[in-house]
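Descriptive structure summary
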Amino acid sequence: MYKSCVAAMVAALYWLSAPAMAAEGEPIVIKFAHVVADDTPKGKGALLFQKLVGERLAGKVKVEVYPNSTLVGDADEMQALLDGKVQMLAPSLSKFDKYTKKLQVFDLPFLFDDEAAVQRFQNREMSRELLRSMADSGIYGLAYWNNGLKQLSATRALVKPEDAAGLAFRIQPSTVLEAQFDAVGAKPVRLPFADVYKSLQNGVVQGAENPWSNIASQKMNTVQPFITESNHGVLNYMLVTTSKFWMSMPFAVRSELEGIVLEVTQTVNKEAAALNQRDRDRIVASGTSKLITLTPEQRQAWREQMMPVWKTYEADIGADVIRAALTVNRKR
Ligand code: LMR
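So, how was this worked out
Residues numbered from 1 in each chain as written. Predicted model: local features only at pLDDT ≥ 70, side-chain atom pairs only at ≥ 80, totals over all residues. Heavy atoms only, no water. Helix = DSSP H or I, 4+ residues; strand = E, 2+ residues; numbered from the N terminus. Buried < 20%, exposed > 50% of the residue type's maximum accessible area, 1.4 Å probe, protein only. Contact = heavy atoms within 4.5 Å. Areas by Shrake-Rupley, 256 points an atom, 1.4 Å probe, with all protein chains shown as cover. Near = heavy atom within 4 Å. Polar contact = N/O pair within 3.5 Å; in protein donor to acceptor, adjacent residues only side chain to side chain. Nonpolar A, V, L, I, M, F, W, Y, C, P; charged D, E, K, R; others polar. Salt bridge = Lys/Arg side-chain N within 4 Å of Asp/Glu carboxyl O. Axes fitted to C-alpha atoms, helices over the stretch in contact; angles between N-to-C directions. Parallel < 35°, antiparallel > 145°, perpendicular 65-115°, else oblique. Left-handed = near helix turned anticlockwise from the far one by under 90°. Phe/Tyr/Trp six-rings, centres within 6.5 Å; stacked < 30°, edge-to-face > 60°. Core = buried A, V, L, I, M, F, W, Y, C linked by side-chain atoms within 4.5 Å. Pairing = 2+ DSSP bridges. Right-handed = clockwise from strand over helix to strand, strands pointing away. Expected span 1.5 Å × (residues − 1).

Attention now moves to the overall build of the protein. On a plain count of helices and strands, the protein comes out with 14 helices and 11 strands. Counting only C-alpha atoms, the protein reaches 70 × 45 × 40 Å along its principal axes. Burial analysis of the protein (332 residues in total) assigns 52% to the buried set. In the protein, once contacts between residues fewer than 6 apart in sequence are set aside, the share between residues at least 24 apart is 74%. As presented, the protein carries roughly 14,700 Å² of accessible surface, and 56% of it is formed by carbon and sulfur atoms.

This is the structure:
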């Protein structure tokens, strides 16, 4: 009796941690979970991936997409991936802190001049290497998916860095983002994405930093009367799976999936900026929030206040990684 109980428990544990191996004749199931809405760069990317897999690997692979934290939220998604409960995620690059410090290069405030510079960095060898930076934990980076640059929103107008002093800002779980808000005398508060709207609405936090697509799709503008077009940092994603799952698939299936990932990545990264522009225009037209555009001098004041964070995290991230990112700001 005792033995059979133990055997059943071992079998259950194996089942929970095993990759989604297909039973004979059944398709391999890829559960792709994420925390944003369908009508966002990541949401659309996940649906396009599902569609192309459905067309090209029918009967062999089936993709199930779970948007809006419906299957797992950002606090649990990495563990769910490692436990084999989901097979694909695309967390923001700020959410890998626990597995590698190197990706925090993307969090450094005002590091990249614009989205084109971020894209150039993502195309370079250093970023290719960063896709493998979590190999020791079994995490396998497939691609970078763009969303866009972050804007500061708040219950008061943020023109000078001093305007942020004393306000609580929601942040993603990243020590660099914490330091960024500390640098302007604000109070960073780590909260899951699913709680941001509610926390802004009930006043737990008074501000946040998001790309336009996340502000609009979560209706954050309805509870943030001021949005400063600061473009102060990046919010892009890494499409990840586990090496255990990815390598468990037959070579031909994996190759086809990799081709699809490449195609979807190109589409997401081509369309992300336009989606953010669309959502910016919608927010402006809605009249919910006053848009604050910074003069070059005003933006420079924010930059100077936040830039010491680079030095603080240089040893953690790696001076070579930061240097590689900085060189892309120079157009070739
Ligand atoms: C956030 O938590 O603000 C973002 O990572 C959400 C997302 O996935 O865009």
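From this point on, the discussion continues.
Moving on, we get to the site of the ligand. Around the ligand sit 13 residues, and of these Lys42, Lys95, Arg170, Gln172 and Tyr237 come closest. Lysine 95 is positioned such that a nitrogen or oxygen atom in its side chain is 2.7 Å from an oxygen atom of the ligand. One nitrogen or oxygen atom from the side chain of arginine 170 is found 2.7 Å from an oxygen atom belonging to the ligand. Compared with its free state, where it exposes 270 Å², the ligand has 100% of that area covered by protein. Grouping the amino acids of the shell around the ligand by side-chain chemistry returns five nonpolar, four polar and four charged.

A few words now on the pattern of salt bridges. Within this structure, the stated rule accounts for 18 salt bridges. Of the charged contacts, one joins glutamate 55 and lysine 51 as a salt bridge, the two residues approaching to 3.3 Å between their closest N and O atoms. Of the two residues, glutamate 55 and lysine 51 both sit in helix H2 (residues 41-56), four residues apart, roughly one turn of that helix. One salt bridge in this structure joins lysine 198 and aspartate 195, with 3.5 Å as the shortest N-O distance. Exposure remark for aspartate 195: the relative accessible area of 25% places this residue in the partly exposed category. Residues joined by salt bridges that share partners form a network here, namely Asp39, Lys44, Arg278, Asp279 and Arg282.

On to the packing of H2 against helix H10 (residues 251-286), then. The N-to-C vectors of H2 and H10 enclose an angle of 150°; their axes lie 9 Å apart at closest approach. In this view, H2 runs roughly antiparallel relative to H10, as classed from their interaxial angle. In the crossing of H2 with H10, the sense of the turn from one axis to the other is right-handed. From H2, Pro41, Lys44, Gly45, Leu48, Phe49, Leu52, Val53 and Arg56 reach across to H10, where they touch Glu256, Leu257, Ile260, Val261, Glu263, Val264, Thr267, Val268, Ala272, Leu275 and Asn276. Along the lines of polarity and charge, the residues of the contact of H2 with H10 split into 12 nonpolar, three polar and four charged.

Per the counting criterion, the structure on display carries eight aromatic pairs. Taking 5.5 Å as the distance between ring centres and 50° as the angle between the ring planes, the aromatic pair formed by phenylalanine 106 and phenylalanine 121 counts as tilted. One end of the pair, phenylalanine 106, is in the loop between strand S3 (88-89) and helix H4 (115-123); the other, phenylalanine 121, is in helix H4, with 15 residues separating them in the sequence. Among the aromatic residues, those joined into a ring-pair cluster are Phe106, Phe112, Phe121 and Tyr144.

Following the sequence through the fold, proline 109 ends up in the loop between S3 and H4. Sequence separation between proline 109 and valine 176 is 67 residues, and the spatial gap between their C-alpha atoms is 8.5 Å. Not counting the four nearest positions on each side in its chain, proline 109 is found in contact with Val176, Gln180, His232, Met306, Val309 and Trp310.

A separate point is the nonpolar core. Grouped together as the largest cluster of nonpolar side chains are 45 residues, with contacts concentrated most on Phe32, Phe49, Val53, Met88, Trp145, Leu239 and Leu257. The leading source of residues in this core is H10, at seven residues. The contact partners of phenylalanine 49, leaving out residues within four places of it in the chain, are Phe32, Val63, Met88, Leu257, Ile260, Val261 and Val264. In this structure, Ala117, Val118, Phe121 and Met238 belong to the second largest nonpolar core, which totals 40 residues.

Attention now moves to the pairing of strand S1 (residues 28-33). In the sheet, S1 pairs with strand S2 (residues 61-66) via six bridges, with the strands oriented parallel. Residue pairing in the sheet places valine 29 in a bridge with lysine 62 of S2. Assessed by its sense of winding, the connection that carries the chain from S1 through H2 to S2 is right-handed. Bridge count for S1 against S3 is two bridges, and the pairing is parallel. Residue phenylalanine 32 lies in a different strand from S3, and its bridge partner there is methionine 88.

The next thing to look at is the environment of threonine 267. Turning to its location among the elements, threonine 267 is positioned in helix H10. For the pair threonine 267 and lysine 51, spaced 216 residues apart in sequence, the C-alpha separation works out to 13 Å.

This part covers H2. Between its terminal C-alpha atoms H2 stretches 22 Å, which fits the 22 Å expected from 16 residues at 1.5 Å a residue. For H2, the full list of buried residues reads Pro41, Lys42, Gly43, Gly45, Ala46, Phe49, Leu52 and Val53.

Right, let's get into unusual backbone geometry. Positive phi values are uncommon outside glycine, yet serine 69 reaches one of about 60°. Judged by relative accessible area, which is 19%, serine 69 ranks as buried.

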